[in-house]
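# Results of the structural survey
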Amino acid sequence: MENTDSYKTLSAPSEEILFKEKKSKFFGYAYPIKSEDEVKPLIEKLKKQHHTANHVCYAWQLGINNAHYRANDDGEPNNSAGMPIYGQIQSFGVTNVLVAVARIFGGTKLGVGGLISAYKTAAQMTLEVSPIVTRIQKAHFKVHFGYESMDKVMRIIKQNNLDIVSQKLEMECDLEITSPKSHTEMVMQLFKENHLVSIQLKED
């Protein structure tokens, strides 16, 4: 199996962590996300939860092979909060994740260096308590064939360790199967060699 098929993400949101620096409090959170649309509601929820917080800074990353990200300083000096948080997302090698840190000011300024260090530490502590899992990127296929081709189809599935997700076996049969994403071309080819079987790649 190629490495491009596996990636690390969170199986559930992290527990809340608290990091204190010169009386400032930094509350850290991490969430698994599937799209950018999930970011704003989560940040707004944290702003309501920590209504005395001066800043709720965050970074997120989405995607596996062509990942994209965003970092937000929420009024802190440029690159003193969002990027240190994003640096920890990279360090832990996770994706499809949002990490946010809410800061409640304690009366003593930390300076840019102090802020970078504090946000980095809070993000690191958050990811350390997060349930990180390794997942496999899968391709889903629809296979359609007549009952007479059943043995051939099942043989291909067994020999190539393909997983059956759902099946409808009548005179006309329909299967949904999965394989590691990097094997997509090979799987399509295996079934296309039999003209009595049709295979379609399901779009995500």
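Residues numbered from 1 in each chain as written. Predicted model: local features only at pLDDT ≥ 70, side-chain atom pairs only at ≥ 80, totals over all residues. Heavy atoms only, no water.

Turning our attention to the nonpolar core. Counting residues in each nonpolar core, the largest one holds 23 residues, and the members touching the most others are Phe 26, Ile 85, Ile 89, Val 99 and Tyr 119. Those elements that provide at least two residues to this core are β2 (17-21), β3 (24-32), β4 (55-62), α2 (82-92), β6 (97-104) and α3 (111-128). Here this core takes 6 residues from α3, the largest share from any one element. Apart from residues lying up to four places away in sequence, Tyr 119 is in contact with Phe 26, His 55, Cys 57, Glu 76, Ser 80, Ala 81, Pro 84, Ile 85, Val 101 and Arg 103. (Core = buried A, V, L, I, M, F, W, Y, C linked by side-chain atoms within 4.5 Å. Buried < 20%, exposed > 50% of the residue type's maximum accessible area, 1.4 Å probe, protein only. Helix = DSSP H or I, 4+ residues; strand = E, 2+ residues; numbered from the N terminus. Contact = heavy atoms within 4.5 Å.)

A few words on the pattern of salt bridges. Taken as a whole and assessed by the stated rule, the structure comprises 6 salt bridges. Its salt-bridge partner being Glu 76, residue Arg 103 comes within 3.0 Å of it at the nearest N-O pair. Taken as a pair, Arg 103 in strand β6 and Glu 76 in the loop between β5 (68-72) and α2 lie far apart in primary sequence, 27 residues in all. Between Asp 163 and Lys 138 there is a salt bridge, with its nearest N and O atoms 3.2 Å apart. A residue pair is termed long-range when its members are at least 10 positions apart, and Asp 163 in strand β9 (residues 163-169) and Lys 138 in strand β8 (residues 138-146) qualify at 25 residues. For Lys 138, a relative accessible area of 32% puts it in the partly exposed group. (Salt bridge = Lys/Arg side-chain N within 4 Å of Asp/Glu carboxyl O.)

Strand order in the open sheet formed by 5 strands is β2-β3-β6-β4-β5, and the pairing between neighbours is antiparallel. Each end of this open sheet is capped by a strand with a single partner; those strands are β2 and β5. Between one strand axis and the next, the sheet turns through 15° on average, direction left out of account. Bridging between β4 and β5 involves 5 bridges; their strand directions are antiparallel. Within β5, the position partnered with Ala 59 by the bridge is Ala 71. Helix-sheet contacts for α2 involve β4, β5 and β6, and the interaxial angle to β4 is about 40°. Contacting β2, β3, β4 and β6, α3 crosses the sheet at an angle of about 160° to β2. (Pairing = 2+ DSSP bridges. Axes fitted to C-alpha atoms, helices over the stretch in contact; angles between N-to-C directions.)

This brings us to the side chain of Asp 73. The residue Asp 73 is located in the loop between β5 and α2 in this model. No salt bridge is formed by the buried Asp 73, whose closest oppositely charged neighbour, Arg 103, lies at an N-O distance of 11 Å. A polar atom in the side chain of Asp 73 sits 2.8 Å from the backbone nitrogen of Asn 79. Discounting residues that sit within four places of it in the chain, Asp 73 has contacts with Cys 57, Asn 78, Asn 79, Ser 80, Ala 81, Gly 82 and Met 83. (Lys, Arg positive; Asp, Glu negative; His and termini not counted. Polar contact = N/O pair within 3.5 Å; in protein donor to acceptor, adjacent residues only side chain to side chain.)

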